[in-house]
Amino acid sequence: MLDGLGDDQFGRCRPPCGKIKDAMPTDLTVILEHRPGELARLAEITGEVGVSIRGLAGFIGEGRGVVHLLLDDNTVALCRQALERAGIGIADQREVLVVGIEDRPGALGELTRRLADANVNVELAYTTFGGVKVVIATDDLISARAALP
């Protein structure tokens, strides 16, 4: 479950925002062919095995699609197995932070400034489905957690 501290019943962040959950979700980096239907195939495969995608970012480069999937920790193994059976490549798996932020101008700047001031280099950022939250990947999760209340 990704609805974190400070969320109201609609998934909106209410003060204090920027709190992070104790349970850490996982970002799975998936490699797809760059052709019509590949994202649909990915979503169908995960849905068929009962895995909910909590957030997603997708890009293309060098003839491939690179998709970041935000998953609950308890579904990662099931998702990996289903994707591997389907011949879909998995490039990386990492623990990430999911941080609630206010839906207002400047909120992202404030959050990322706190990380920068803690010398945390953000390697990946994208939003989740539902509510206003940001997924942050970094090689220094300890400092990132300490920088965010």
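Everything that follows concerns the structure shown earlier in this document.
These numbers come from a predicted model, not from an experiment.

Quick notes on the rules
- Residues numbered from 1 in each chain as written.
- Predicted model: local features only at pLDDT ≥ 70, side-chain atom pairs only at ≥ 80, totals over all residues.
- Heavy atoms only, no water.
- Core = buried A, V, L, I, M, F, W, Y, C linked by side-chain atoms within 4.5 Å.
- Buried < 20%, exposed > 50% of the residue type's maximum accessible area, 1.4 Å probe, protein only.
- Helix = DSSP H or I, 4+ residues; strand = E, 2+ residues; numbered from the N terminus.
- Contact = heavy atoms within 4.5 Å.
- Axes fitted to C-alpha atoms, helices over the stretch in contact; angles between N-to-C directions.
- Parallel < 35°, antiparallel > 145°, perpendicular 65-115°, else oblique.
- Left-handed = near helix turned anticlockwise from the far one by under 90°.
- Nonpolar A, V, L, I, M, F, W, Y, C, P; charged D, E, K, R; others polar.

Visitor: Summarise the nonpolar core; cite the residues concerned and give the values.
Guide: Counting residues in hydrophobic clusters, the biggest one holds 16 residues, and the most contacted among them are Leu-28, Val-30, Leu-42, Leu-69, Leu-71, Cys-79 and Leu-83. Listed by contribution, the elements that provide at least two residues to this core are β1 (26-33), α1 (38-48), β3 (64-71) and α2 (76-85). With four residues, the single largest contributor to this core is α2. Setting aside anything within four residues of it in sequence, one finds Leu-42 in contact with Val-30, Leu-32, Val-67, Leu-69, Leu-83 and Ile-88. By size, the runner-up hydrophobic cluster in this structure holds twelve residues, among which are Val-99, Leu-111, Val-120 and Ile-136.

Visitor: So what about the packing of α1 against α2? Which residues, and what values?
Guide: At their nearest, the axes of α1 and α2 sit 9 Å apart, and the two run at 130° to each other. Judged on the interaxial angle alone, α2 and α1 are oblique. Between α1 and α2 the crossing geometry is right-handed. The segment α1 lies against α2, with Leu-42, Ile-45 and Thr-46 engaging Cys-79, Ala-82 and Leu-83. Its residues assigned to classes, the contact of α1 with α2 shows five nonpolar, one polar and no charged.

Visitor: Describe the side chain of Thr-128, listing the residues and the values that go with them.
Guide: Position of Thr-128 among the secondary structure elements: in the loop between β6 (122-127) and β7 (133-138). According to the relative accessible area criterion, Thr-128 is buried, its value standing at 10%. With residues up to four places along the chain from it excluded, the contact list for Thr-128 reads Arg-54, Gly-55, Leu-70, Val-98, Lys-133 and Val-135.

Note that every value here comes from positions in space, so none of it alone points to a role or purpose.
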